[in-house]
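Structure at a glance
This is what each chain is made of:
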Amino acid sequence: MPRILSGIQPSGELHIGNYLGAVKNWVELQERYESIFFVADYHSITQPFEPQLLRRRRREMAASLLAAGIDPAKATLFMQSDVPEHTELTWIFNSVTPLGELERQTQFKDKSQRQESVMVGLLTYPVLQAADILLYRGDLVPVGEDQVQHLELSRVVARRWNAQFGGGEDYFPEPQPVLTPARRIMGLDGQAKMSKSLNNYIGLLETSEQIWAKLRPAATDPARQRRTDPGTPEVCNIYHLHKAFSPPETVEMVAVNCRTAGWGCIDCKKVLHESMDRELTPIRRRAAEIAERPAIVDEALAAGAAKCRVIARETVDHVKERMGLA
Ligand code: ADP
Ligand code: TRP
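In this text the structure is predicted, and so the values were computed from the model without any measurement. (Residues numbered from 1 in each chain as written. Chains lettered and ligands numbered in written order. Predicted model: local features only at pLDDT ≥ 70, side-chain atom pairs only at ≥ 80, totals over all residues. Heavy atoms only, no water.)

1. Examining the side chain of Glu85
Stated precisely, the cut-off is as follows: Labels follow the DSSP assignment, with helices taken as runs of H or I lasting at least four residues and strands as runs of E lasting at least two, numbered in each case from the N terminus. The contact criterion used throughout is that any non-hydrogen atoms of two residues lie within 4.5 Å.
Within the secondary structure layout, Glu85 lies in helix α4 (residues 85-94). Look past the residues within four positions of Glu85 in its chain and what remains in contact with it is Leu135, Arg309, Ala312, Arg313 and Val316.

2. Brief notes about the packing of helix α6 (residues 106-113) against helix α7 (residues 120-135)
Going by this rule: Orientation is described by axes fitted as lines to C-alpha atoms, over the contacting stretch for helices, and by angles from 0 to 180 degrees between their N-to-C directions. Oblique is the label for every angle not falling under 35 degrees (roughly parallel), over 145 degrees (roughly antiparallel), or within 65 to 115 degrees (roughly perpendicular). The hand of a helix crossing depends on one turn: near helix anticlockwise from the far one by less than a right angle means left-handed, and clockwise means right-handed. For this classification, Asp, Glu, Lys and Arg are treated as charged, while Ala, Val, Leu, Ile, Met, Phe, Trp, Tyr, Cys and Pro are nonpolar and the rest, including Gly, are polar.
Close contact between α6 and α7 brings their axes to 10 Å; oriented N to C, the two are set at 165 degrees. Comparing the axis directions of α6 and α7 gives the class roughly antiparallel. Note that α6 runs across α7; the crossing there is right-handed. Together, Gln107, Phe108, Lys111 and Ser112 of α6 and Leu122, Leu123 and Tyr125 of α7 make up the contact between the two elements. Partitioning the contact of α6 with α7 into residue classes produces four nonpolar, two polar and one charged.

3. Notes on the site of ligand 1
Short version of the rule: Proximity is defined per residue: if any heavy atom of the residue lies within 4 Å of a molecule or strand, that residue is considered near it. Polar contact is defined as a pair of N or O atoms within 3.5 Å, subject to the rule that within protein one atom must be able to donate a hydrogen and the other to accept it, and that residues adjacent in sequence are counted only when both atoms are side-chain atoms. Note on areas: Shrake-Rupley, 1.4 Å probe, and residue coverage restricted to the protein chains presented here.
Looking at ligand 1, there are 19 residues lining it, with His15, Gly144, Asp146, Ile185 and Lys196 nearest. In this structure, Lys193 approaches ligand 1 through a side-chain N or O atom, which is 2.9 Å from an oxygen atom. Residue Met194 places a main-chain N or O atom 2.9 Å away from a nitrogen atom belonging to ligand 1. Protein coverage of the free-state accessible area of ligand 1, which is 530 Å², stands at 93%.

4. Digging into the packing of aromatic side chains
Short version of the rule: Between rings of Phe, Tyr and Trp, where Trp is taken as its six-membered ring, a pair exists when centres lie within 6.5 Å; planes separated by under 30 degrees are stacked, by over 60 edge-to-face, and by other angles tilted. The cut-offs for exposure are 20% and 50% of the maximum accessible area for each residue type, with area from a 1.4 Å probe on protein chains only; residues under the lower value are buried, those over the upper are exposed, and the others partly exposed.
Throughout the structure, instances matching the rule amount to eight aromatic pairs. Summarising the aromatic geometry, the rings of Trp26 and Phe37 are spaced 4.7 Å apart at their centres and angled 0 degrees between planes, so their arrangement reads as stacked. One end of the pair, Trp26, is in helix α1 (residues 16-29); the other, Phe37, is in strand β2 (residues 34-39), with 11 residues separating them in the sequence. Comparing Trp26 with Phe37, the two get one shared label, buried. Centre to centre, the rings of Trp161 and Phe165 are 5.8 Å apart; their planes meet at 45 degrees, and the pair counts as tilted. You can see Trp161 and its partner Phe165 sitting in helix α8 (residues 148-165), four residues apart, about one turn around the helix. Comparing Trp161 with Phe165, the two get one shared label, buried. Among the aromatic residues, those joined into a ring-pair cluster are Phe93, Trp161, Phe165, Tyr171 and Phe172.

5. Section: the site of ligand 2
Residues in close proximity to ligand 2 total 13 residues, the closest being Gln9, Tyr125, Gln129, Asp132 and Gln147. Between ligand 2 and the protein, one listed contact pairs a nitrogen atom with a side-chain N or O atom of Gln129 at 2.9 Å. Here a nitrogen atom of ligand 2 sits 3.1 Å away from a polar atom, N or O, in the side chain of Gln147. When ligand 2 sits alone it has 370 Å² of accessible area, and the protein chains cover 91% of it. Listed by contribution, the elements that provide at least two residues to the shell around ligand 2 are β1 (3-8) and α7. A per-element tally of the shell around ligand 2 places α7 first, with four residues. Class assignment of the residues belonging to the shell around ligand 2 gives a composition of six nonpolar, six polar and one charged.

6. Concerning the domain arrangement of the protein
To be explicit about the condition: The domain limits used here are those given by an automatic or database domain assignment. Here the quantity called buried area is the accessible surface, traced with a 1.4 Å probe, that two parts lose on coming together, added over both. Each reported salt bridge corresponds to a side-chain nitrogen of Lys or Arg within 4 Å of a carboxyl oxygen of Asp or Glu.
For the protein, the domain assignment lists domain 1 (3-185 + 294-322) and domain 2 (208-288). For domain 1 and domain 2, the distance between their C-alpha centres works out to 33 Å. Across the boundary between the two partners, domain 1 contributes nine residues, which contact nine residues of domain 2. On the domain 1 side of the interface with domain 2, the three residues burying the most area are Ile16, Tyr19 and Ala67, jointly 54% of the side's total. For the pair domain 1 and domain 2, the number of links is one salt bridge.

7. Focus on unusual backbone geometry
The backbone phi angle of Arg137 is positive, close to 45 degrees, even though this residue is not glycine. Positive phi values are uncommon outside glycine, yet Ala261 reaches one of about 55 degrees. Structurally, the position occupied by Ala261 is in the loop between α11 (248-259) and α12 (265-292).

8. What to know about the nonpolar core
Inclusion rule: In these notes, a set of buried Ala, Val, Leu, Ile, Met, Phe, Trp, Tyr and Cys residues joined through side-chain atoms within 4.5 Å is what counts as a nonpolar core.
Judged by nonpolar contacts, the single largest core of 54 residues is most densely connected at Ile16, Leu65, Phe245 and Met276. The biggest single contributor to this core is α1, with eight residues. Both of domain 1 (3-185 + 294-322) and domain 2 (208-288) provide at least three residues apiece to this core. Those residues in contact with Leu65 that lie beyond four places of it in its chain are Ile8, Leu14, Val23, Trp26, Val39, Ile70 and Leu77.

The structure is reproduced here in structure tokens:
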């Protein structure tokens, strides 16, 4: 059975972009595949952070993933830094990763430009990600579109290691991304990708009232200045959110009423709000249950780390053996 694996940084609260672009897919795929998911806390220290806040967010991210539907009876959930082999394999992979490949990663170029002094961790971030995946010899990686380039790098690393040390065998599979139809959700401003680091998101666990307060003023098709102006659904972020949350009949009705100015944008947003409530209410309920019984999170993470340490150790032992390190 192919193994799927993915991670998410605890750099803020889980938002509907993360959910629709990645985590919702994790929940579906755990039914059909052997699945491993983790909170990428070592990745999150490559950006400025505050220790107290990080401590809280790591836990909250694990709890949110369980609330979103990751089921410890079906999938393995763990905290990246609880399995030391991730950093051990990263060091080893540094020796098969071409510098040029890291320097041309879009994320590195973006984030390094925004900082006065750039730390090495930001450059080698994708090597840690390759180690995350290849430690478990993951085949499929469900992520949003922005991670596709990092996965290409993981394939370069797998290929190079196999060629130099595999002894004629492709020990590491070349991992492939698995994208959802909602591969890139825009923020409420309609300008940039919805992101934890920009204040343009709807948190997965926000209340119905909080969500409405954000939806109401959210950007729509700028052509709809007045209630009677017709619009183009495809250019409107609210329409794309309908495609993610509303049933196909509703999506069709939204498109018609936008093109003919049958509805105003507020009418359209009210319908979206109802659809979102339908999907998110059970998630909020589960989050409340988990908050009542925090041991659920501790137990899931402890069991996940114990299981992953065994697999990870086996891989590192094999790698060291092949490389003359053991
Ligand atoms: P953020 O950019 O909010 O910090 P991460 O980089 O931690 O989010 O991404 C976690 C997962 O969610 C990744 O698989 C990423 O591709 C996906 N993702 C993040 N933002 C979006 C978005 N706006 N639309 C679709 N998927 C997204
Ligand atoms: N870089 C990913 C992100 O920002 C998180 C991540 C870390 C990841 N390791 C991974 C995703 C391994 C998939 C597989 O979203």
